[in-house]
Amino acid sequence: MDRAPKLPSLQAQRLQLRWLEDADIPDLYAIFSNPEVARYWSKPPMTEPQQASDLLASIRTQFASGSLFQWGLATLGHDRIVGTCTLASIDIQNRRAEIGYALNREFWGQGLMLEALQTLLQHAFGAMDLNRVEADIDPRNESSIQLVERLGFQREGYLRQRWIVAGEICDTVLYGLLRADWSGV
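One numbering rule holds for all chains: residues counted from 1, following each sequence as written. Under the rules for a predicted model, residues below a pLDDT of 70 receive no local features and side-chain atom pairs below 80 are neither given nor counted, while totals for whole chains, interfaces and linings still include all residues. Calculated side-chain values reflect all of the structure's heavy atoms, with hydrogen atoms and water omitted.

### Quick notes on helix 5 (residues 142–150)
Side chains of residues three or four places apart in an α-helix project in the same direction, reflecting 3.6 residues per turn. For helix 5, the full list of buried residues reads S144, I145, L147 and V148. When helix 5 is viewed along its axis, its buried side chains cluster within an angular range of 160 degrees and face the same direction. Facing away from the buried side of helix 5, by more than 90 degrees, are the exposed residues E142, S143, Q146 and R150. Contacts are assigned to residue pairs with any non-hydrogen atoms lying within 4.5 Å of each other. Runs of E in the DSSP output that reach at least two residues are strands. Runs of H or I that reach at least four are helices, and both are numbered from the N terminus. The elements touched by buried residues of helix 5 are strand 5 (96–103), helix 4 (112–125), strand 6 (132–137) and strand 8 (168–178). Each residue is placed in one exposure class: buried if its accessible area under a 1.4 Å probe, protein chains only, is under 20% of its type's maximum, exposed if it is over 50%, and partly exposed if it falls in between. By definition, the arc is the one covered by directions from the helix axis to the C-beta atoms.

Pasting the structure below:
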């Protein structure tokens, strides 16, 4: 029996945010191999299933160190992983973290990520007792900007040429959400 620590499962209306298992590797590959999904990710789209296995191993290593919590977004009733949401760069001393998220292209436009992030933020500001959550977004990613603004994040800065992804130099817009400003939407 596996007794290694795992993330707590979080229940949303149509999704469960849960620990990622080996059986989820094909779903992770389906998500992160899609060029539209990976367009604003920090890495180019996956081209081989082994990359999804490597991603899961990295998620587990970073979870063990306490620096990253990444949940799979599982559809209720089918338990299929359709996305992920993450608290990264977790800084317990300063009670802050960064969010990240990705959703299988097939599920865009259904409000699932809003639901998932509301649940994640409730956990971050509640059980984890964080004071601040940040989002680092490519300014061309209008859908993501609209999502975090709907959640109450405030635009705090613009960093020019912050990332180089697959040879493309990219800017960043920084957003922050404070516990005191979190309304639970």
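Okay, back to it.
### Overview of the confidence of the model for the protein
Every residue is assigned a pLDDT by the predictor, reflecting its confidence on a scale from 0 to 100. A residue-level look at the protein finds 97% of positions with pLDDT of 70 or above and a mean pLDDT of 92. Predicted confidence in the protein is weakest over helix 2 (residues 35–38), with a mean pLDDT of 90, and strongest over strand 6, with 97.

### Focus: the layout of surface pockets
There is about 1600 Å³ of room inside the largest pocket. Around the largest pocket, the lining is made up of 50 residues, and of these Y40, W41, G100, Y101 and A102 lie nearest the centre. Side-chain classes follow a simple rule in which Ala, Val, Leu, Ile, Met, Phe, Trp, Tyr, Cys and Pro form the nonpolar group, Asp, Glu, Lys and Arg form the charged group, and the remainder, Gly included, forms the polar group. A breakdown of the residues in the lining of the largest pocket according to their chemical character gives 22 nonpolar, 17 polar and eleven charged. The distinction between a cavity and a pocket rests on a 1 Å grid over the protein atoms alone: a 1.4 Å probe fits inside a cavity but cannot get out, while a pocket stays open yet meets protein on both sides within 12 Å along at least five of seven lines, and a residue with an atom within 4 Å of a point counts as lining. Grid points are joined across faces, edges and corners, and a volume is the space filled by probe spheres set on the points.

### Structural notes on unusual backbone geometry
Phi at R95 takes a positive value of approximately 50 degrees, unusual for a residue other than glycine. A relative accessible area of 33% means that R95 is categorised as partly exposed. In this structure, D129 takes a positive phi of about 60 degrees despite not being glycine. Here D129 shows up in the loop between helix 4 and strand 6. By relative accessible area, which is 36% here, D129 ends up partly exposed.

### Comments concerning the nonpolar core
By size, the foremost hydrophobic cluster in this structure holds 41 residues, and its most contacted members are L17, W71, L73, L87, I99 and F153. Taken together, the elements giving at least two residues each to this core come down to strand 2 (15–18), strand 3 (68–75), strand 4 (81–91), strand 5, helix 4, strand 6, helix 5 and strand 8. If you tally residues by element for this core, the top one is helix 4, at nine residues. We call a set of buried Ala, Val, Leu, Ile, Met, Phe, Trp, Tyr and Cys residues a nonpolar core when their side-chain atoms join them within 4.5 Å. In this structure, L28, I31, V37 and A88 belong to the second largest nonpolar core, which totals 16 residues.

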